[in-house]
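# Examining the three-dimensional arrangement
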Amino acid sequence: MDQLIGGGSVAALHWIIPHTHLVDEKGSFRPNLLRTAYLVAFGLILHDVPEGFAMANSYIASPSLGILMAIAIAIHNVPEEFAMAVPIVAVKKRRFLYTAAFLSGLAEPVGAIIGLVAVHFHPALNSFFMAFAAGAMIFVSIHELLPMARRYHKIHLFVLGSVISVFVYMLLTAVVPG
Ligand SMILES: [Zn+2]
């Protein structure tokens, strides 16, 4: 149920807040690349907030789970920052690049603080925040990443990425002391 609320909330934000995807339906770069760069950066910065929930609220649930989550999110942030930087570099806006990197770095701790403060007053909300983050990420995968993989006829890469990420996570659970 909570996952549904998380997915639903992000879906609602997705329709309310104007944003765009890196490439258009035909797979070519949009002519208005600067606007694209802004909106991609905005979308990525926005989804960093529930990542903060995932990190902080799983730490409250269990410190070893929190550490695991922090490492997993740190790893996934590497390709994510590339996705944000590429259109900005294409429009050659150095200051925009630094600002976007700074804000995306800030969004996660902001999410973590919101999650921590809420749970301080209402401990029962902890599982809600974790489920919200899970729902938000599942929504992004199914609504954004999967259709894009289909558009490029690269579903196998989406599946391969998903399988590899499961193995990386399994490896982390074996390595991180719990
Ligand atoms: Zn992310």
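Residues numbered from 1 in each chain as written. Predicted model: local features only at pLDDT ≥ 70, side-chain atom pairs only at ≥ 80, totals over all residues. Heavy atoms only, no water.

Within an unreviewed UniProt entry, the label attached to the protein chain reads Divalent heavy-metal cations transporter ZupT, and the organism entered is Solemya velum gill symbiont. Recorded in UniProt under Subcellular location (unreviewed entry), the annotation for the protein chain is "Membrane". (UniProt positions renumbered as here; feature names shortened; annotations may be inferred.)

What follows covers the confidence of the model for the protein chain. Of all residues in the protein chain, 82% have pLDDT values of 70 or greater, and the mean over the chain is 85. Taking the mean pLDDT of every element in the protein chain, the minimum, 66, falls on helix α1 (residues 2-16) and the maximum, 93, on helix α4 (residues 94-121). (pLDDT = per-residue confidence, 0-100. Helix = DSSP H or I, 4+ residues; strand = E, 2+ residues; numbered from the N terminus.)

Quick look at the nonpolar core now. Counting residues in hydrophobic clusters, the biggest one holds twelve residues: L33, A37, V40, A41, L44, I45, M84, I88, V91, F96, A100 and A107. Elements that contribute at least two residues to this core include exactly α2 (33-61), α3 (63-90) and α4. Apart from the residues lying within four places of it in its own chain, the contact partners of I45 are M84, A100, L103, S104 and A107. Ranked by size, the runner-up nonpolar core spans nine residues in total, among them I73, A118, F132 and A133. (Core = buried A, V, L, I, M, F, W, Y, C linked by side-chain atoms within 4.5 Å. Buried < 20%, exposed > 50% of the residue type's maximum accessible area, 1.4 Å probe, protein only. Contact = heavy atoms within 4.5 Å.)

Within the secondary structure, L33 is located in helix α2. Sequence-wise, L33 and P87 are 54 residues apart; in three dimensions their C-alpha atoms are separated by 7.0 Å. If near-sequence neighbours (up to four positions away) are discounted, L33 is found in contact with P87, A90 and V91.

This next bit is on the coordination of the zinc ion. Of the protein atoms, only H47 (NE2), E51 (OE), H76 (NE2) and E80 (OE) coordinate the zinc ion, at distances of 1.8 to 2.0 Å. Taken together, the four donor atoms coordinating the zinc ion and their angles of 83 to 155 degrees define a geometry best described as irregular. If you list the donors of the zinc ion from N- to C-terminus, the spacing comes out as H-x3-E-x24-H-x3-E. Linking H47 with E51, this pair stays in helix α2, spanning four residues, or about one helical turn. Grouping residues by exposure puts H47 and E51 together as buried. (Donors = N, O, S within 2.8 Å, 3.2 Å for Na, K, Ca; no water. Tetrahedral: all angles 85-135°; square planar, octahedral: opposite > 155°, others 65-115°.)

Turning to the side chain of S104, a few remarks are in order. Structurally, S104 is set in helix α4. Judged by relative accessible area, S104 falls into the buried class, the value being 5%. If sequence neighbours within four positions are ignored, S104 has contacts with I45, D48, E81 and M84.

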